[in-house]
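# Residue-level structural notes
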Amino acid sequence: MTRIAIVTGSSSGIGYETSLSLARNGFKTYATMRNLDKSKMINEIKDKEKLPIQILELDVDYEQSVNQTIKHIIDEEKKIDVLINNAGYDLAGSLEEISIDELKAQFETNFFGVVRAIKGVLPIMREQNYGIIVNVSSVGGKVGIPLNSAYIASKFAMEGLSDSIRPELQEFGIKVILIEPGVVRSSFFENVKMAKNFSPDSPYSSLTQKIFTGFTSSMGDTASSPKEVAQTILSAIIDDNKEIRYVVGKDANSILENRKNMSDKDFDGWMKESLIDQKGFVR
Ligand SMILES: NC(=O)c1ccc[n+]([C@@H]2O[C@H](COP(=O)([O-])OP(=O)(O)OC[C@H]3O[C@@H](n4cnc5c(N)ncnc54)[C@H](OP(=O)(O)O)[C@@H]3O)[C@@H](O)[C@H]2O)c1
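The rules behind each value
Residues numbered from 1 in each chain as written. Predicted model: local features only at pLDDT ≥ 70, side-chain atom pairs only at ≥ 80, totals over all residues. Heavy atoms only, no water. Salt bridge = Lys/Arg side-chain N within 4 Å of Asp/Glu carboxyl O. Buried < 20%, exposed > 50% of the residue type's maximum accessible area, 1.4 Å probe, protein only. Helix = DSSP H or I, 4+ residues; strand = E, 2+ residues; numbered from the N terminus. Phe/Tyr/Trp six-rings, centres within 6.5 Å; stacked < 30°, edge-to-face > 60°. Lys NZ or Arg CZ within 6 Å of the ring centre and 35° of its normal. Core = buried A, V, L, I, M, F, W, Y, C linked by side-chain atoms within 4.5 Å. Contact = heavy atoms within 4.5 Å. 1 Å grid on protein atoms, 1.4 Å probe; cavity = no way out; pocket = protein on both sides within 12 Å on 5 of 7 lines; lining within 4 Å. Points joined across faces, edges and corners; volume = space filled by probe spheres on them. Nonpolar A, V, L, I, M, F, W, Y, C, P; charged D, E, K, R; others polar. Near = heavy atom within 4 Å. Polar contact = N/O pair within 3.5 Å; in protein donor to acceptor, adjacent residues only side chain to side chain. Areas by Shrake-Rupley, 256 points an atom, 1.4 Å probe, with all protein chains shown as cover. Expected span 1.5 Å × (residues − 1). Axes fitted to C-alpha atoms, helices over the stretch in contact; angles between N-to-C directions. Parallel < 35°, antiparallel > 145°, perpendicular 65-115°, else oblique. Left-handed = near helix turned anticlockwise from the far one by under 90°. Pairing = 2+ DSSP bridges.

### Focus on the pattern of salt bridges
Within this structure, the stated rule accounts for 14 salt bridges. For the salt bridge of Asp-81 with Lys-79, the shortest nitrogen-to-oxygen distance reads 3.0 Å. Take Asp-81 and Lys-79: they sit in the same class, and that class is buried. Across the pair Glu-273 and Arg-283 runs a salt bridge, and its minimum N-O distance is 3.2 Å. With Glu-273 in helix H9 (residues 264-276) and Arg-283 in the segment after H9, the pair connects residues that are 10 residues apart, well separated along the chain. Classification of Glu-273 by relative accessible area gives partly exposed; the value is 30%.

This is how it looks when you write it as structure tokens:
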């Protein structure tokens, strides 16, 4: 029986590669995106390789968009095996400069968007007594990063939600998995939204500069490619002995290893040295 997968945010990066990887491995994949004008590349590959991909519009910020698209897929397929919650972006800036509206918008996409999609698939997954929900979190779902408090809070929320619903859904055969990449070479950093109140003469501008330089320098050896994350997602889905969390990247592994082995205070110092003093996450 063909397995049916839905991916959010398939227009670029991890979502794009995950949609292709699932389709190349036999999943009928609904590659969803909020702006269908961005579907040209995936459409071309789909046609060239004759992949089982359907591209549909889905903006995770809107309940109607999520529900309509999921209903369309259920009407067509009568089942959904896998949901990949991938859509997301980073709102950067000091907490002082981030407005409440910007913070709410960050949660609208990164947290409530995930909730909407999960609520959309749960009735059918429960009925079919099977389902895999993959939430693309981040190493930032486990550790704080300065000037990224909004993004980090949204990923911590995703982690808490995932760990809470996993036991809730176990008896219905539904698995909930978290993917925790470090820095990934996608368009993510180009798509960062800066807090509107941030300006070059902000009191946080020197720290902002250091953080951006810290991330840019870690884009070298230690960052992963979107393909590597997509490969991890595929392996996680087909893994019979599923883990709860899959960490991707040398940087993420180093950060989480240190998080486990250090006191809170020592870890704060290590993160400062890694990012602000630019010693790197892998030393
Ligand atoms: N890159 C990293 O370093 C990194 C590290 C850890 C975790 N992640 C996570 O990985 C996921 C994918 O990011 P990426 O690296 O692939 O970045 P990306 O290339 O910027 O892709 C983000 C995707 O999310 C989509 N998106 C944003 N808001 C949306 C909305 N309201 N509804 C539907 N789609 C929306 C974007 O669509 P548009 O093209 O229309 O904007 C795009 O397809 C995110 O959840 C991110 O937090 C990334």
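### Brief notes about the packing of aromatic side chains
In total, this model carries 7 aromatic pairs according to the counting rule given. Taken together, a centroid distance of 5.1 Å and an interplanar angle of 75 degrees make the contact between Phe-111 and Phe-112 edge-to-face. Residues Phe-267 and Trp-270 carry aromatic rings whose centres are separated by 5.9 Å and whose planes lie at 25 degrees to one another, so their mutual orientation is stacked. Linking Phe-267 with Trp-270, this pair stays in helix H9, spanning 3 residues, or about one helical turn. Accessibility expressed as a relative area gives 4% for Phe-267, which makes it buried. Grouping aromatic residues by their ring pairs yields a cluster made of Tyr-151, Phe-188, Phe-189 and Phe-215. Taking the ring centre of Phe-172 as reference, the NZ or CZ of Arg-126 above it sits at 5.9 Å. Directly above the aromatic system of Tyr-89 lies the positively charged group of Lys-193, at a separation of 4.5 Å from the ring centroid.

### Brief notes about the nonpolar core
Counting 25 residues, the largest nonpolar core has Ile-6, Ile-73, Ile-80, Leu-83, Val-121, Met-125 and Ile-133 as its most contacted members. Elements with a minimum of two residues in this core: strand E1 (4-7), helix H3 (63-77), helix H4 (100-128), helix H5 (149-169) and strand E7 (174-181). Considering every element that reaches this core, the biggest residue donor is H4, with 6 residues. Ignoring any residue separated from it by four or fewer positions in sequence, one finds Leu-83 in contact with Ile-6, Ala-117, Ile-118, Val-121, Met-125, Ile-132, Ile-133 and Val-134. Counting 20 residues, the second largest nonpolar core, distinct from the first, contains Val-82, Val-184, Val-229 and Tyr-246.

### A few points about the layout of surface pockets
Roughly 170 Å³ of volume is contained in the second largest pocket. It is E7 that contributes the most residues to the lining of the second largest pocket, 4 residues altogether. Looking at the lining of the second largest pocket residue by residue, the class counts come to 4 nonpolar, 2 polar and 4 charged.

### Side note on the site of the ligand
In the region of the ligand, 29 residues are neighbours, and Ser-11, Ser-12, Asn-86, Tyr-151 and Ser-186 sit closest. Gly-9 places a main-chain nitrogen or oxygen 3.1 Å from an oxygen atom of the ligand. Gly-88 places a polar main-chain atom, nitrogen or oxygen, 3.3 Å from an oxygen atom of the ligand. Contact with the protein chains removes 96% of the 890 Å² of surface that the ligand exposes when unbound.

### Things to note about H9
Here H9 is 13 residues long and its end C-alpha atoms lie 17 Å apart, about the 18 Å a rise of 1.5 Å per residue gives. Within H9, burial applies to Phe-267, Trp-270, Met-271, Ser-274, Leu-275 and Ile-276. Buried residues belonging to H9 abut helix H6 (205-217) and helix H8 (250-261). Looking one or two residues past H9, Gln-278 carries a phi angle of roughly 55 degrees, positive in sign.

### Remarks on the packing of H3 against H4
Between H3 and H4, whose axes approach to 9 Å, the crossing angle comes to 30 degrees. Judged by the angle between their axes, H3 and H4 are roughly parallel. Remark: the crossing between H3 and H4 carries right-handed chirality. Touching Glu-63, Val-66, Ile-70 and Ile-74 of H3 are Arg-116, Ala-117, Gly-120, Val-121 and Ile-124, all from H4.

### As for the sheet that holds E1
On the basis of which strands lie adjacent, the open sheet formed by 7 strands has the order E3-E2-E1-E4-E6-E7-E9 and parallel pairing. Two strands lie at the open edges of the sheet, namely strand E3 (53-57) and strand E9 (245-248), each paired on one side alone. Put simply, the sheet's adjacent strands are angled 20 degrees from each other on average, direction ignored. When strand E2 (residues 28-33) meets E3, the two strands line up parallel, connected through 5 bridges. Within E3, the position partnered with Ala-31 by the bridge is Ile-55. Relative to E3, helix H2 (residues 40-49) is tilted by about 160 degrees, and along the sheet it contacts E2 and E3.

Distances and angles like these do not, on their own, reveal function.
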